[in-house]
Amino acid sequence: MKTILALTVMVGLTATTLAYSTEHDDLDIAAIVADKNELQKFIDCFTEKAPCTKLTQDFKSKLPEVVREACEKCNPIQKQKLKIFLDGLNEKFPEEYNALKKQFDPTGKLFEALNAALAKA
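Predicted model only: the values in this text are computed from it and were never measured.

Conventions we followed
- Residues numbered from 1 in each chain as written.
- Predicted model: local features only at pLDDT ≥ 70, side-chain atom pairs only at ≥ 80, totals over all residues.
- Heavy atoms only, no water.
- Helix = DSSP H or I, 4+ residues; strand = E, 2+ residues; numbered from the N terminus.
- Core = buried A, V, L, I, M, F, W, Y, C linked by side-chain atoms within 4.5 Å.
- Buried < 20%, exposed > 50% of the residue type's maximum accessible area, 1.4 Å probe, protein only.
- Contact = heavy atoms within 4.5 Å.
- Disulfide = S-S within 2.5 Å.
- Arc of directions from axis to C-beta.

1. Focus: unusual backbone geometry
Step number 1: Positive phi, normally seen in glycine, also occurs at Glu48, with a value near 60 degrees.
Step number 2: Within the secondary structure, Glu48 is located in the loop between helix H3 (36-46) and helix H4 (54-68).

Right, dumping it as structure tokens:
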């Protein structure tokens, strides 16, 4: 019985580390992308040009892993939102988008995998 309980706990812990929190899944990312000032807050936080808010810090803290692992732990909603964010950033602030790519993907290979993963969302 103890073995079954231990295995159940280990499986539960493993399952929780395989996905990101859904805390911000209801965030209206399209509205943020549509508002250049709001989008700039994310950019400034990510590039350390300005202090982060709790929201922008939450995203910034996960961004290196998200890029490195091609959003493997993202659920479909998170992939869709990230795609909207990156597309909007690239459209409205292409220089900042390229700087962000260089910051989180100096080799230029990780964003290819990330974009491929997001295209399937």
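2. As for the nonpolar core
Step number 1: Core analysis: the largest hydrophobic core is formed by 26 residues, its most contacted members being Phe85, Leu86 and Leu114.
Step number 2: Contributing elements (two or more residues each) for this core: helix H2 (29-34), H3, H4, helix H5 (76-92), helix H6 (94-104) and helix H7 (110-119).
Step number 3: Among the elements that take part in this core, H3 stands out by supplying five residues, more than any other.
Step number 4: Residues within four places of Leu86 in sequence aside, it is in contact with Tyr97, Phe111, Leu114 and Leu118.

3. So, the state of the cysteines
Step number 1: Following the criterion strictly, the structure yields two disulfides and no others.
Step number 2: Bridging Cys45 to Cys52, the disulfide has an S-S length of 2.0 Å. Across the S-S bond linking Cys45 and Cys52, the dihedral sits near 90 degrees, which makes this disulfide right-handed.
Step number 3: Classification of Cys45 as buried rests on a relative accessible area of 0%.
Step number 4: A residue is classified by how much of its surface remains accessible, and Cys52, at 27% relative accessible area, is partly exposed.
Step number 5: The disulfide that involves Cys71 links it to Cys74, with 1.9 Å between the sulfurs. A torsion of -95 degrees about the S-S bond marks the disulfide between Cys71 and Cys74 as left-handed. With respect to class, Cys71 is no different from Cys74; both count as buried.

4. With respect to H7
Step number 1: Among all positions of H7, only Phe111, Leu114, Ala117 and Leu118 are buried. Angular distribution of buried residues about the axis of H7 spans 125 degrees; they occupy a single face of the element. Facing away from the buried surface of H7 by more than 90 degrees, the exposed residues are Glu112 and Ala119.

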